[in-house]
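In case you want the letters, here they are:
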Amino acid sequence: MQIKKEISDELQQNIDYLEQRFAKCADIIKKQFSIGKYRGYHVYLMYTDGLVDAVMIQDSIIRPLLNETLEDYPKSVEEWVIESADRKQVFDMEEAIINILAGNTLLFFDGCDFAIQVSSKKFPNRGIQSPEQEVSIRGPKDSFNESLRFSTALIRRRIRDTRLKVEQMQVGVRSKTDIAILYMEDLVHEEMLADIKEDIEQLCVDGILDGGVLEQFLEKRTNTPFPQYQHTERPDKVASGLMEGRIAIVVDNSPGVLLLPVTLNVFFQAADDYYNRWETASFARVLRYISAMIAIGLPGLYIAIANFHTEVLPTDLILSFAKARQGVPFPVVVEVLMMELAFELLREAGIRLPGQLGGTIGIVGGLIVGQAAVDAGLVSTIVVIVVSLTAIASFSVPSESFRGAFRLLKFFMMIVCAIWGLYGYFLGWLAIAIHLCSIESYGIPYLAPTVHGGEEKDYVLRMSWKKMKIRPSFTKEGARRRQK
Amino acid sequence: MISNRQMKRTLMIELFSTTGLFLSAMAQNLKQLSLGMLAAALYAVYFLCIGNHYQISQVGRIRKTVYTVRFFLYACFLGTLMKLLVSKMLLGGGSGWFIFLPVFLLSIYANRGGREERARLLELLFWFVFLPLFVVLILAAKDVHLEYLIQGGFHAEKSIQVFVCFSSLEILLFFTGERREKVKALFFVFGLNLLIFIVTIGMYGAKMAEASDLPVVTMIQMVRFPGGFVERLDIFMLAFWILSLFAIFSAYCFYGTFFWGKGKGSFWLSCLFYGGVLAIVSWNQLDLQTLIDFFQTYVLWLDLPLAVILPLLNTKRRKRAVVVTMLSTLLFIVTGCGPKRVNIEERAYVLAIGVEAKEERWKVSFFLPENERIETEGKSWEEIKKEFQRSSDKELELGHLKAVILGKGVEAEDFKEQWKNEQDYAKTVLLFTTQEPIKEFEKIDENTRDSLGSFLVELAERNKKEITIGDYFAGRGKIPDLSIRKGIPTL
């Protein structure tokens, strides 16, 4: 527990206290200077090495202080000597310490019961790069990075409106992670905003190291594989979401932004859906919905048909399937489960291996080992096709966190189909539907607008921009119209 | 709160599923149907009139108990119906409780979230239930003969049976939304039922209704999907219909318990309700016809009068109604009682069957792919199937059967008697007679390089002599006769 301590007007007291708090912290730079015409005043400067712009400190803080005569001390240091617009007085020692650790420079003066905080942040970052997970053919190619300020700047660049509000707070007892909540003041549901702020304020954890951790702390339901926040690395997606009345949460050190509330539909939307013609975009979306069904249900459907209901397929096809399985030593269920697990293994290995090796493992695993397994009679060709098609289908959905749900549900469907055949297949989908109907995201049903009504021009089909005149139900009542 | 759209769709699914299934089994022509539906319409008006002023959650304990018991019986009936349908059409060989268990657990899961979540689910299911049905009706409509719909006279008994099918109209009491939306839902349900009746009876007439417990199912089995990718559409259709039966089953479970409010007492009551449903559905041994007869009598003489009288005995007691459901520990016993699972390559795909009779014994030849032929004998079809399994290392699979040839000494009526309860084959299997020895058909593969089944299908198609088993059972068409010329079957 921290004891609240005021900054003393005795410089030595402040120095002693800070030395004690920052003992054995080699990355903290502490320096005492004598300033003024006769070098009669003393100043104690502190900052964190590596998080600051050292040149700026030298040019705008240290040099003016050393060169000025400071005849009107301390008014001169408060008001004109330090050459930075972003400075303020700090009276609380704890606030001063947090700011030092956040990359600001703090100056403690002789005879002053306050410190001057100068913004000198310059974090190491990897610059603005292209998105890796949400690639688009058309549209902007920039993505968020780990710096909170860069991320908010990328959003502000797209919405130059004073009604875009950025509220900042810190979360984490030890990490003191900066979090920014962005919203459009006139579009957001006030209760929803108050709800999310309250949830964040009530968090009492050691640290938030990524948006993913915050997401899991904030989600209302933990017993579901479906994500309740949309994670995106694209600023254009966030800007678009904000203009639909949604709330964005930017977490420092996280290269993505969380958007809420969510519905199932938003996970099928890709950024370039809105930059391409509506016919093409709608076709792509329909494909994504179908591929989601394939990704979850195809292996199970194959098991159900092969084990229970061969009569649903044409005779020639079923005979060819039967021929392909001749000599395979395992039952269909085991064969499909084995192949699906092998594929998940390959996917996991591909992600963990460094860049080029990751691609190689895909080729080696998918082509060479797959072909060898067929040749050796371990699996049939049709199962290889089923597993490959399932994998391709799962990758066509734009959201990675949403795809994670498919991976689990696929196995659930396989199990129910192995037990109950096609009857199980339909009941499996029914179970998923019941589950989805029970999820809400800050008062919005997860399956909206299918089960809640509302704007359907940007749903399975995306209508032309001219027809999308109404914002979705994320926007508060009375502010739904976005075009005249 | 549930929206008007949710209320409308919920009503449509809940009111449609059982009526649609049974109407064509009850009435044989439009006269019988229309009178029954008129009575049902009046019954609906009665509930519409009292609906918004009468809340079951406000009535006294005795009436609540009566409602719970009645809905418990409905839930048992619907659960048993689903069990029998799945067992007969989808999962032959599975034990009753094993088939019913997933539906039972899902209904607890669906009801646990209360009325709003149920409404969302049914709003979602709406398209999955009705869209495939409309596709089937459109595909079947081309075979409708309107004259079948007016054949036969008027029987009051049949019209009463039609009226009984609409007993679920009582659930209108549970919806307090706009009356106009309820009326729209009723129009949809009555209209769709009428359409299904027209298509079902219009396809094969009253004989179809007599030959089957559920003529709608037979109608679905007769429909062929264009393109040929899906050989048996009926299995998918039945699965969709089971979704709608699930909706009404879970509705009765929900309505039977929710008005008792929260608390320990209502929790144990819910456990008793659900546990009782599981026990009765799992272990009753009723067959479909007995179940329907039994329930029809109960509804007509006891349930319907109660449904009418109960709302008239009003009280002002008020209690909040909440769903209390929890039963979940049964899944661990799932292992070992399932239907028979047979791998794809371990099946003997029968493409054609030839039947001959001699001295009250049937000699049946099963024609399999790649010139394989298995011959068995027996007094009944069941005995023949058992005999087949004794002589083959593969499981008999009739799902791909294309044609049946009735040879010397076989009476078509005897065949019908033997096969009417067989569900593994499609009703679209072609039927032929022949005076040639069945053995002669064995040479077909050598002569045509095609399987006998596929050859006969194409032959009948070219000569426009396609009489299916469904046609024959419905008393339509004359069975074409096959002869052998130069080693090749000809019509």
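Described below are features of the structure shown in this document. (Residues numbered from 1 in each chain as written. Chains lettered and ligands numbered in written order. Predicted model: local features only at pLDDT ≥ 70, side-chain atom pairs only at ≥ 80, totals over all residues. Heavy atoms only, no water.)

1. Observations concerning the overall build of chain A
Argument step 1. Within chain A, the secondary structure is distributed over 14 helices and 12 strands.
Argument step 2. Against the globule reference of 23 Å for 484 residues, chain A gives a C-alpha radius of gyration of 29 Å, more extended than a compact globule.
Argument step 3. The contacts of chain A with a sequence gap of at least 6 include a subset with a gap of at least 24, amounting to 65%.
Argument step 4. Of the roughly 22000 Å² of accessible surface on chain A, 58% is carried by carbon and sulfur atoms.
Argument step 5. Across chain A, the centroid of the 53 positively charged side chains sits 7 Å from that of the 60 negatively charged ones. (Helix = DSSP H or I, 4+ residues; strand = E, 2+ residues; numbered from the N terminus. Rg over C-alpha atoms; globule rule 2.2 N^0.38 Å. Contact = heavy atoms within 4.5 Å. Areas by Shrake-Rupley, 256 points an atom, 1.4 Å probe, with all protein chains shown as cover. Lys, Arg positive; Asp, Glu negative; His and termini not counted. Charge placed at Lys NZ, Arg CZ, Asp CG, Glu CD.)

2. Quick look at the overall build of chain B
Argument step 1. Looking only at helices and strands, one finds 17 helices and 9 strands in chain B.
Argument step 2. A burial count over chain B gives 59% of its 491 residues as buried.
Argument step 3. Long-range contacts, defined as pairs at least 24 residues apart, comprise 81% of the intrachain contacts of chain B with a sequence gap of at least 6.
Argument step 4. Carbon together with sulfur atoms contributes 58% to the accessible area of chain B, which is approximately 21000 Å² in total. (Buried < 20%, exposed > 50% of the residue type's maximum accessible area, 1.4 Å probe, protein only.)

3. What about the environment of Phe-47 of chain B?
All names here are of chain B.
Argument step 1. One can find Phe-47 in helix H2 (residues 30-51).
Argument step 2. The spacing of Phe-47 and Phe-104 is 57 residues in sequence and 29 Å in space, taken between C-alpha atoms.
Argument step 3. Those residues in contact with Phe-47, other than ones at most four positions away along the chain, are Leu-169, Glu-170, Leu-172, Leu-173, Ala-307 and Pro-311.

4. Quick look at the pattern of salt bridges
All names here are of chain A.
Argument step 1. Inspection of the entire model under this criterion finds 42 salt bridges over all chains.
Argument step 2. Here Arg-21 makes a salt bridge to Glu-94, at a shortest N to O gap of 3.1 Å. Residue Arg-21 is found in helix H1 (residues 11-21), and its partner Glu-94 is found in helix H4 (residues 93-101); the two are separated by 73 residues along the sequence.
Argument step 3. Assessed through its relative accessible area of 29%, Arg-21 is described here as partly exposed. (Salt bridge = Lys/Arg side-chain N within 4 Å of Asp/Glu carboxyl O.)

5. What to know about the interface of chain B and chain A
Argument step 1. Counting residues at the interface gives 50 residues for chain B and 46 residues for chain A.
Argument step 2. Taking both sides of the interface into account, the surface hidden between chain B and chain A amounts to around 4200 Å²; carbon and sulfur atoms contribute 67%.
Argument step 3. On inspection of chain B and its partner chain A, the count reaches 1 salt bridge.
Argument step 4. Residue Arg-120 of chain B pairs with Glu-440 of chain A through a salt bridge whose shortest N-O separation is 2.5 Å.
Argument step 5. Our count for the contact surface shared by chain B and chain A stands at 14 residue pairs in polar contact (both at pLDDT 80 or more). (Buried area = accessible area lost by both parts, 1.4 Å probe. Polar contact = N/O pair within 3.5 Å; in protein donor to acceptor, adjacent residues only side chain to side chain.)

6. Here we look at the sheet that holds strand E9 (residues 247-251) of chain A
Residue and element names in this part refer to chain A.
Argument step 1. Taken in spatial order, the 5 strands of this open sheet run E6-E7-E9-E10-E8, and their pairing is antiparallel. Of all strands in the sheet, those with a lone pairing partner are strand E6 (164-171) and strand E8 (230-232), marking the two edges. Direction aside, neighbouring strands of the sheet carry axes that sit 25° apart on average.
Argument step 2. As paired elements, E6 and strand E7 (residues 177-184) share 8 bridges and run antiparallel to each other. Residue pairing across strands places Glu-167 opposite Ile-181, the latter belonging to E7. (Pairing = 2+ DSSP bridges. Axes fitted to C-alpha atoms, helices over the stretch in contact; angles between N-to-C directions.)

7. As for the environment of Glu-375 of chain B
All names here are of chain B.
Argument step 1. Residue placement: Glu-375 occurs in strand E4 (residues 373-378).
Argument step 2. Take Glu-375: its relative accessible area is 39%, and that puts it in the partly exposed class.
Argument step 3. Remark: the alpha-carbon pair of Glu-375 and Phe-225, spanning 150 residues in sequence, is separated by 33 Å.
Argument step 4. Residue contacts for Glu-375: discarding those within four places in its chain leaves Lys-363, Val-364 and Ser-365.

8. What to know about the sheet that holds strand E4 (residues 105-109) of chain A
Residue and element names in this part refer to chain A.
Argument step 1. Taken together, 5 strands build an open sheet; the order of strands is E1-E2-E4-E5-E3 and the sheet is antiparallel. Looking at the sheet topology across the chains shown, the edges are occupied by strand E1 (28-35) and strand E3 (87-90). Recorded for the sheet is a direction-independent mean angle of 25° between the axes of neighbouring strands.
Argument step 2. In this sheet, strand E2 (residues 41-48) lies alongside E1 in antiparallel orientation, the contact comprising 8 bridges. Counted as the bridge partner of Phe-33 is Val-43 from E2.
Argument step 3. Of the strands in this sheet, E1, E2 and E4 are in contact with H1, which crosses E2 at around 20°.
Argument step 4. Together, E1, E2, E3, E4 and strand E5 (115-118) form the strand contacts of H4, whose direction differs from that of E4 by roughly 140°.

9. Concerning the side chain of Thr-315 of chain A
Argument step 1. Within the fold, Thr-315 of chain A resides in helix H10 (residues 315-324).
Argument step 2. Taking the relative accessible area as the measure of exposure, Thr-315 of chain A reaches 5% and is therefore buried.
Argument step 3. Beyond its immediate stretch of four places on either side in the chain, Thr-315 of chain A contacts Glu-231, Leu-351, His-400 and Lys-402 of chain B.

10. So, the nonpolar core
Argument step 1. Among the nonpolar cores identified, the biggest contains 225 residues, and Ile-196, Ile-249 and Tyr-423 of chain A together with Leu-169, Phe-174 and Met-219 of chain B are the most heavily contacted of them.
Argument step 2. No other element matches helix H14 (residues 400-437) of chain A, which puts 23 residues into this core.
Argument step 3. When residues no more than four places from it in sequence are discounted, the contact partners of Leu-169 of chain B are Leu-15, Ala-40, Tyr-43, Ala-44, Phe-47, Leu-186 and Phe-190 of chain B.
Argument step 4. Within the second largest apolar cluster, 29 residues are counted, among which are Phe-366, Trp-381, Phe-415 and Tyr-472 of chain B. (Core = buried A, V, L, I, M, F, W, Y, C linked by side-chain atoms within 4.5 Å.)

11. With respect to the pairing of E9 of chain A
Residue and element names in this part refer to chain A.
Argument step 1. Across the 5 residues that make up E9, a large majority, 5, are buried.
Argument step 2. Residue alternation in E9 divides its side chains into two sets, Ile-247, Ile-249 and Val-251 and Ala-248 and Val-250, and both sets are buried.
Argument step 3. Here E7 runs beside E9; their pairing, made up of 4 bridges, is antiparallel. The residue bridging Ile-181 from the neighbouring strand is Ile-249, located in E9.
Argument step 4. Bridge analysis of E9 against strand E10 (residues 257-260) gives 4 bridges, and the strand direction is antiparallel. Looking at the pairing, Ala-248 lines up with Leu-259 of E10.
Argument step 5. What sits between E9 and E10 in their antiparallel hairpin is a turn of 5 residues, with Asn-253 showing a positive phi close to 75°.

12. Description of the packing of helix H1 (residues 4-26) of chain B against helix H7 (residues 179-204) of chain B
Residue and element names in this part refer to chain B.
Argument step 1. Two elements in contact, H1 and H7, have axes separated by 9 Å at closest approach and are oriented at 25°. With respect to H7, the element H1 is oriented roughly parallel. As for how H1 packs across H7, the hand of that crossing is right-handed.
Argument step 2. In the contact of H1 with H7, the residues fall into 14 nonpolar, 6 polar and 4 charged. (Parallel < 35°, antiparallel > 145°, perpendicular 65-115°, else oblique. Left-handed = near helix turned anticlockwise from the far one by under 90°. Nonpolar A, V, L, I, M, F, W, Y, C, P; charged D, E, K, R; others polar.)

13. Side note on the packing of H14 of chain A against helix H5 (residues 114-141) of chain B
Argument step 1. Interaxial distance between H14 of chain A and H5 of chain B falls to 9 Å at its minimum, and their mutual angle equals 130°. One finds that H14 of chain A runs oblique with respect to H5 of chain B. With respect to the hand of their crossing, H14 of chain A and H5 of chain B are arranged in right-handed fashion. Facing H14 of chain A, whose interface residues are Leu-430, Ala-433, Ile-434 and Cys-437 of chain A, H5 of chain B presents Glu-117, Arg-120, Leu-121, Leu-124 and Leu-125 of chain B.

14. Some remarks on the packing of aromatic side chains
All names here are of chain B.
Argument step 1. This structure, assessed with the given rule, holds 55 aromatic pairs over all chains.
Argument step 2. Centre to centre, the rings of Tyr-74 and Tyr-252 are 4.5 Å apart; their planes meet at 10°, and the pair counts as stacked. Taken together, the residues span a long stretch of sequence, with Tyr-74 in helix H3 (residues 61-90) and Tyr-252 in helix H10 (residues 233-257) at a distance of 178 residues. Accessibility classification places Tyr-74 together with Tyr-252 in one group, the buried group.
Argument step 3. Arg-9 extends its terminal NZ or CZ atom over the ring of Phe-126, reaching a point 4.6 Å from the ring centre.
Argument step 4. Positioned over the ring face of Phe-175 is Arg-115, at 5.5 Å from the centre of the ring. (Phe/Tyr/Trp six-rings, centres within 6.5 Å; stacked < 30°, edge-to-face > 60°. Lys NZ or Arg CZ within 6 Å of the ring centre and 35° of its normal.)

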